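One-letter residues, chain by chain:
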Amino acid sequence: MSSLTNKRILLGVSGSISAYKSPDIIRRLQDLGADVRVVLTSGGAQFITQLSLQAISQHSVHDNLWDKEAELSMSHIELAKWADLILIAPASANTIANLVNGQACDLLTSVILATDARLMIAPAMNQQMFQSQPLQDNLTQLRHRHIAIIKPDSGAQACGDIGPGRLPEALDIAKQVAKQLESTQLSGKRVLITLGATIEPIDPVRFISNHSSGKMGMALVNRCIEMGAKVTCVYANINAALNDKATNIQALSADQMHEVVMNNIDQQDIFIAVAAVSDYQVKTQQQQKIKKSKQSLILELAPNKDILADVCKLPNKPWCIGFAAETQNTIKNAEIKLKNKGCDAVILNDVSDTNIGFNNDENQVTFISKKQQKNISKNSKSKIAEKILNIFIKEFL
Ligand SMILES: Cc1cc2nc3c(=O)[nH]c(=O)nc-3n(C[C@H](O)[C@H](O)[C@H](O)COP(=O)(O)O)c2cc1C
């Protein structure tokens, strides 16, 4: 069965009699590994209590656009950014009509307008309502907007009617959500990703390195695997768990990384250079530990080979994405990198902001190619990885 591990699902519960099934939907999504938060409409609150949904989801339920406290803790915009997928189950005829019209009349509809997450709805209502022309027209419009519609079950209804409009069983809905998030956009593609901080030895105990943790690179490794790619992960010093579905090769110094990349670049479709590779190495490495003395010590540094530039020069080069960690003139420097190295896209990381980037779980980047410059606002590194790949795939594949 598909997994929802590490997926963030925002469940919208609107005003249908079948809202009594919502706690079970939360449980089934959690069983598949999802973190679930709930937005309850005022209609939904007529059928299920906030307390039940809170107890099952283990998060406070969001039910009011005008709640000052809630806006401070997790605003409707933050909720919209948090979600990988928003599922409305049950989706009432009223909420569906609001979605069609782009209404922002309550918390749920406002969140929907503010999100770029995937959307799924599970309409649930009386069979006559479901088969009515306005409702069917509304569903057609939502389909055109790529909102996935979960087909309701047909059968005996709470009102005594028999026909289509019943909310499907919770497990069935959870499975459809998992399938929706299963992406195969990179299936059949080979991706080589470098990550972590290289280490340049000074002597047997000391080295030159940097603050890179490898977390952004690992997020890209994980996402590429989820999207069906065959991934080779070339890692230096990292503070992140390896994915055993990748071919993992350690390369600690810039020279080692250059060699491993060049030996494995053939047949790759995409090269993503996330590793923070030292620009210099110590010219003469000492074989024995350098003894402390009162004299100042001068280390002569020699420039390292440029892995990204060398891959970009290959006759049959793969698509190349480089990362640029900059502290000043960030956009200009990233554009220079894009041009000078000859890569297809540069992901700019402004590392002067200590709340993002190096060693943090969150990041905020700009995707820069010849054609576009797109800000990807602050989010978890896994979400940033997903967005980078989506933009890249749209432009290049
Ligand atoms: C007893 C009862 C049951 C209802 N069941 C449904 C339903 O299953 N589906 C539906 O679309 N509307 C149903 N409605 C109507 C909605 O609750 C109503 O349109 C409400 O405004 C929806 O609000 P919301 O979309 O903001 O949640 C029902 C109303 C009542 C009184």
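None of the values given here were measured: they were computed from a predicted structure.

Asks: For this particular structure, what's the right way to read the pattern of salt bridges?
Replies: For side chains bearing opposite charge, pairing can occur when the charged atoms are close. In total, this model carries 14 salt bridges according to the counting rule given. In this structure, Asp310 and Lys313 form a salt bridge, with 3.3 Å as the shortest nitrogen-oxygen distance. Looking at Asp310, the relative accessible area reads 22%, which means it is partly exposed. A relative accessible area of 63% places Lys313 in the exposed class. A salt bridge links Lys317 to Asp344; the nearest nitrogen and oxygen atoms lie 2.7 Å apart. Of this pair, Lys317 sits in the loop between α12 (307-312) and β16 (319-326) while Asp344 sits in the loop between α13 (330-341) and β17 (345-350), placing them 27 residues apart in sequence. Owing to a relative accessible area of 25%, Lys317 belongs among the partly exposed residues under this scheme. Several salt bridges converge on common partners, so that one network encompasses Lys7, Arg223 and Glu226.

Asks: Quick question: what am I supposed to make of the domain arrangement of the protein chain here?
Replies: Accessible area lost upon the coming together of the parts is a frequently used measure of interface size. Here the protein chain is partitioned into domain 1 (8-181) and domain 2 (190-396). The distance between the C-alpha centroids of domain 1 and domain 2 comes to 40 Å. Counting from both sides, the interface comprises seven residues of domain 1 and, opposite them, seven residues of domain 2. Both faces combined, the contact of domain 1 with domain 2 buries some 530 Å², and carbon together with sulfur accounts for 20% of it. Taken together, the links from domain 1 to domain 2 amount to two salt bridges. Salt-bridge contacts for Lys383 lead to Asp84; the nearest nitrogen and oxygen are separated by 3.6 Å. Counting every contact that joins domain 1 to domain 2 gives four residue pairs in polar contact (both at pLDDT 80 or more). Residues that form the side of domain 1 that touches domain 2 fall into these classes: two nonpolar, no polar and five charged.

Asks: Help me out: how do you make sense of a nonpolar patch on the surface in this one?
Replies: On the surface, Tyr280, Leu297, Leu299 and Leu301 cluster together into a nonpolar patch covering about 380 Å² of accessible area. In this structure, Leu301 sits in strand β15 (residues 301-303).

Asks: What exactly am I supposed to notice about helix α9 (residues 170-181) here?
Replies: Since there are 3.6 residues in each turn of an α-helix, residues three or four apart along the chain are aligned in direction. Between its first and last C-alpha atoms α9 spans 17 Å; for twelve residues at 1.5 Å apiece the expected length is 16 Å, and the two agree. All buried positions along α9 are accounted for by Ala170, Ile173, Ala174, Val177, Ala178 and Leu181. Projected onto a plane normal to the axis of α9, the buried residues spread over an arc of 140° and lie on a single side.

Asks: Help me understand the sheet that holds β16 in this model?
Replies: Strands sit in the order β12-β11-β8-β13-β16-β17-β18-β19 across an open sheet of eight strands; the sheet is mixed. Strands with a single pairing partner mark the edges of an open sheet, and in this sheet they are β12 (247-250) and β19 (373-380). Between one strand axis and the next, the sheet turns by 20° as a mean value, whatever way the strands run. Alignment of strand β18 (residues 362-369) against β19, held across six bridges, turns out to be antiparallel. Each bridged residue has a counterpart across the sheet, and for Glu362 the counterpart in β19 is Ser380. Across the face of the sheet, helix α10 (residues 215-226) comes into contact with β8 (190-195), β11 (230-235), β13 (270-273), β16 and β18 while running at roughly 165° to β8.

Asks: I'm lost on the nonpolar core in this one. Help?
Replies: Side chains that are nonpolar tend, in soluble globular proteins, to be buried together. Ranked by internal contacts, the top residues of the largest apolar core, which has 35 residues, are Ile193, Leu220, Val221, Cys224, Val231, Ile272 and Ile388. Within the residue set of this core, elements represented by two or more residues are β8, α10, β11, β13, β16, β17, β18 and α14 (381-396). If one sorts the elements of this core by residue count, α14 sits on top with eight residues. In contact with Ile193, other than residues within four places in its own chain, are Gly217, Leu220, Val221, Cys224, Val231, Thr232, Cys233, Val234, Ile272 and Val274.

Asks: Please clarify how the environment of Ile384 should be interpreted in this entry.
Replies: Structurally, Ile384 is set in helix α14. What makes Ile384 buried here is its relative accessible area of 0%. Through-space distance from the C-alpha of Ile384 to that of Ser296 is 44 Å; in sequence the pair is 88 residues apart. Setting aside residues no more than four positions away along its own chain, Ile384 makes contact with Met216, Asn363, Gln364, Val365, Ile376, Ser377 and Asn379.

Asks: In this structure, what is going on with unusual backbone geometry? I would like to understand it.
Replies: A negative phi holds for most residues other than glycine; trans holds for most peptide bonds. Cis geometry is found at the peptide bond from Ala89 to Pro90, where omega equals 0°. Locating Pro90 in the fold gives a position in strand β3 (residues 85-91). Its identity as a non-glycine residue notwithstanding, Gln267 has a phi of 75°, on the positive side. Secondary-structure assignment places Gln267 in the loop between α11 (254-264) and β13.

Asks: How should the packing of aromatic side chains be read in this particular structure?
Replies: For any pair of aromatic rings, the description rests on two quantities: the centre-to-centre distance and the angle between the ring planes. Applying the stated criterion across every chain, the model contains two aromatic pairs. Aromatic side chains Trp319 and Phe396 sit 5.2 Å apart centroid to centroid with 45° between the ring planes, which places their arrangement in the tilted category. Of the two residues, Trp319 sits in strand β16 while Phe396 sits in helix α14, which places them 77 residues apart along the sequence. Pairing Phe392 with Phe396 gives two aromatic rings, centres 5.1 Å apart and planes at 35°, and the pair type is tilted. Pair noted here: Phe392 and Phe396 are both in helix α14, with a separation of four residues, about one helical turn. Comparing Phe392 with Phe396 shows no difference in burial state: the two are buried. Ring pairing ties together the aromatic residues Trp319, Phe392 and Phe396, which thus form one cluster.

Definitions and cut-offs
Residues numbered from 1 in each chain as written. Predicted model: local features only at pLDDT ≥ 70, side-chain atom pairs only at ≥ 80, totals over all residues. Heavy atoms only, no water. Salt bridge = Lys/Arg side-chain N within 4 Å of Asp/Glu carboxyl O. Buried < 20%, exposed > 50% of the residue type's maximum accessible area, 1.4 Å probe, protein only. Helix = DSSP H or I, 4+ residues; strand = E, 2+ residues; numbered from the N terminus. Domains from an automatic or database assignment. Contact = heavy atoms within 4.5 Å. Buried area = accessible area lost by both parts, 1.4 Å probe. Polar contact = N/O pair within 3.5 Å; in protein donor to acceptor, adjacent residues only side chain to side chain. Nonpolar A, V, L, I, M, F, W, Y, C, P; charged D, E, K, R; others polar. Patch = residues over 30% accessible without salt bridge, like charges linked within 9 Å, V, L, I, M, F, W, Y side chains within 5 Å. Areas by Shrake-Rupley, 256 points an atom, 1.4 Å probe, with all protein chains shown as cover. Expected span 1.5 Å × (residues − 1). Arc of directions from axis to C-beta. Pairing = 2+ DSSP bridges. Axes fitted to C-alpha atoms, helices over the stretch in contact; angles between N-to-C directions. Core = buried A, V, L, I, M, F, W, Y, C linked by side-chain atoms within 4.5 Å. Phe/Tyr/Trp six-rings, centres within 6.5 Å; stacked < 30°, edge-to-face > 60°.

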